[in-house]
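As a plain string of letters, each chain reads:
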Amino acid sequence: MAAVIAMLEELRGLDPLAAEGAAARFSAHEWTPGGKPRDGVETSWDKDGVGGWIQTFGGGAVSVSFAVWIRDVDESGYFDDVEAVYEQGEQALAGFLPEIEESPLAGHLVEAEQTAADKDEFINVKKWTLDGRILTAGVIQQDADLPVMVVVALEESAPA
């Protein structure tokens, strides 16, 4: 989680949060590029078993996310006990939250309300605002045959 906290601190300093700047920060912190360039910018990164991704959306919105815990599906393509895997993910998230809340970012975090979309998307989630951006940490499974992950994401909306 230390690599993620360090990156969040670096990304906090970017104004605006842009794909090119985020990619430069990943490179400067010796993350390994994953060979997934988009519009000339490396978008997939890895360091110490943590995956990082840069996504851009219409209008200039950018999200930088990290997969800090992953539990892949079993040989059947599903989980024998999905509720147990969700519980493991929630335990992993509970272990990571204090690292975020006690990091150098702490003085800049303001707890944010969860939206209906958050409740639909995440198994468990916590959100903050970080200098006008949204920082989210949560347990997610995007489809029944995909891994359960604990993700941390920093998002900046498109400029008004």
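Let me sum up the structure you'll find in this document.

Quick notes on the rules
- Residues numbered from 1 in each chain as written.
- Predicted model: local features only at pLDDT ≥ 70, side-chain atom pairs only at ≥ 80, totals over all residues.
- Heavy atoms only, no water.
- Helix = DSSP H or I, 4+ residues; strand = E, 2+ residues; numbered from the N terminus.
- Rg over C-alpha atoms; globule rule 2.2 N^0.38 Å.
- Buried < 20%, exposed > 50% of the residue type's maximum accessible area, 1.4 Å probe, protein only.
- 1 Å grid on protein atoms, 1.4 Å probe; cavity = no way out; pocket = protein on both sides within 12 Å on 5 of 7 lines; lining within 4 Å.
- Points joined across faces, edges and corners; volume = space filled by probe spheres on them.
- Nonpolar A, V, L, I, M, F, W, Y, C, P; charged D, E, K, R; others polar.
- Phe/Tyr/Trp six-rings, centres within 6.5 Å; stacked < 30°, edge-to-face > 60°.
- Contact = heavy atoms within 4.5 Å.
- Pairing = 2+ DSSP bridges.

### Comments concerning the overall build of the protein chain
And then number 1: Across its full length, the protein chain holds four helices and 10 strands.
And then number 2: When the elements of the protein chain are put in sequence order from the N terminus, they spell out α-α-β-β-β-β-β-β-α-β-α-β-β-β.
And then number 3: The C-alpha radius of gyration of the protein chain comes to 16 Å, within 12% of the 15 Å expected for a compact globule of 160 residues.
And then number 4: Reported as C-alpha extents along the three principal axes, the dimensions of the protein chain are approximately 45 × 35 × 30 Å.
And then number 5: In the protein chain, buried positions account for 44% of the 160 residues.

### Side note on the layout of surface pockets
And then number 1: Quantified by volume, the largest pocket comes out at close to 430 Å³.
And then number 2: Considering the residues around the largest pocket, the lining is formed by 19 residues, among which Q55, S65, E121, Q142 and A153 are closest to the centre.
And then number 3: Going through the elements one at a time, strand 5 (50-56), strand 6 (62-71), helix 4 (116-121), strand 8 (122-130), strand 9 (133-140) and strand 10 (148-156) are the ones with two or more residues in the lining of the largest pocket.
And then number 4: Along the lines of polarity and charge, the residues of the lining of the largest pocket split into 10 nonpolar, five polar and four charged.

### Section: the packing of aromatic side chains
And then number 1: Here the structure, examined in full by the defined rule, presents four aromatic pairs.
And then number 2: Consider the rings of W31 and F66, whose centres lie 5.7 Å apart with planes at 55 degrees: the pair is tilted. With W31 in the loop between helix 2 (19-28) and strand 1 (32-33) and F66 in strand 6, the pair connects residues that are 35 residues apart, well separated along the chain. Accessibility classification places W31 together with F66 in one group, the buried group.
And then number 3: By way of ring pairs, the aromatic residues F26, W31, W45 and F66 are connected into one cluster.

### What to know about helix 2
And then number 1: What helix 2 keeps buried is the set A19, G21, A22, A23 and F26.
And then number 2: Against helix 1 (2-12), strand 3 (41-42), strand 4 (44-47), strand 5 and strand 6 lie the buried residues of helix 2.
And then number 3: Trailing helix 2 by a residue or two, E30 shows a phi angle of about 60 degrees, which is positive.

### Side note on the pairing of strand 10
Successive side chains on a regular strand alternate, one facing one side of the sheet and the next facing the other.
And then number 1: Within strand 10, eight of the nine residues are buried, which leaves it mostly tucked inside the rest of the structure.
And then number 2: Across nine bridges, strand 6 lies against strand 10 in antiparallel orientation. Opposite V64, over in strand 10, you have L154 as the bridge partner.

### Some words on the pairing of strand 5
And then number 1: Two strands pair when backbone bridges link them, and strand 4 and strand 5 are joined in this way by four bridges, in the antiparallel orientation. Each residue of the ladder has a partner; that of K47, found in strand 5, is V50.
And then number 2: Counted along the chain from strand 4 to the antiparallel partner strand 5, the turn is two residues long, and its residue D48 has a positive phi close to 55 degrees.
And then number 3: Sheet topology note: the strand 5/strand 6 ladder contains six bridges and is antiparallel. Pairing of G52 across the sheet is with F66, part of strand 6.
And then number 4: In sequence, strand 5 turns back onto strand 6 through a hairpin of five residues, with G59 there showing a positive phi of about 80 degrees.

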